[in-house]
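The chain contents come next:
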Amino acid sequence: MTRSDLVEILSARFPQLAHRDAELSVKTILDALAQALDDGHRVEIRGFGSFSVSHRPARIGRNPRSGEQVAVPEKRIPHFKPGKTLRELVDYQAGERKADKLDVPEHAVD
């Protein structure tokens, strides 16, 4: 699913919401999430999961072509941990669509 797919689903599900407003809503939410992570905060969405920032220390790596040692700087990377509801939704039995219980459109699950 892409950002534009999400906007389409919001527009279809909430007809009173103009397409432009749905687009702005999705952009605002994703920007707020990214800004919170950039500020070092943890973001938790109950039933969906939590986003946090992990720290990877600096290390010495190797160039796979030459075998030469390369200094890899430290990094901060985003980390997502799915919530229980999302894990259960994804871990469905063969032939069963738990997404039907959540009122998720067919094309959004494929």
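Student: Is there a simple way to think about the packing of aromatic side chains in this case?
Tutor: Aromatic ring pairs: the centre-centre distance and the angle between the two ring planes describe each pair. Applying the stated criterion across every chain, the model contains two aromatic pairs. For the ring pair Phe-48 and Phe-80, a centre distance of 5.5 Å and an interplane angle of 50 degrees mean the geometry is tilted. Pair noted here: Phe-48 is in the loop between strand 1 (43-45) and strand 2 (49-56) and Phe-80 is in strand 5 (residues 75-82), with a separation of 32 residues, a long-range link. The partly exposed category is assigned to Phe-48, whose relative accessible area is 37%. For Phe-80, a relative accessible area of 32% gives the class partly exposed. Judged by centre distance (4.8 Å) and plane angle (45 degrees), the rings of Phe-51 and Phe-80 are tilted. Of the two residues, Phe-51 is situated in strand 2 and Phe-80 in strand 5; the sequence distance between them amounts to 29 residues. Pairwise contacts between aromatic rings join Phe-48, Phe-51 and Phe-80 into one cluster.

Student: How do you make sense of the nonpolar core when you look at a structure like this?
Tutor: Proteins that are soluble and globular tend to have nonpolar side chains buried together. The biggest cluster of nonpolar side chains holds five residues, and these are Leu-33, Ala-36, Leu-37, Val-43 and Phe-51. With three residues, the single largest contributor to this core is helix 2 (residues 19-38). Not counting residues within four places of it along the chain, the set of residues in contact with Val-43 comprises Leu-33, Ala-36, Gly-49, Ser-50 and Phe-51.

What counts and how
Residues numbered from 1 in each chain as written. Predicted model: local features only at pLDDT ≥ 70, side-chain atom pairs only at ≥ 80, totals over all residues. Heavy atoms only, no water. Phe/Tyr/Trp six-rings, centres within 6.5 Å; stacked < 30°, edge-to-face > 60°. Helix = DSSP H or I, 4+ residues; strand = E, 2+ residues; numbered from the N terminus. Buried < 20%, exposed > 50% of the residue type's maximum accessible area, 1.4 Å probe, protein only. Core = buried A, V, L, I, M, F, W, Y, C linked by side-chain atoms within 4.5 Å. Contact = heavy atoms within 4.5 Å.

Functional significance is not addressed by these values, which are geometric in nature.
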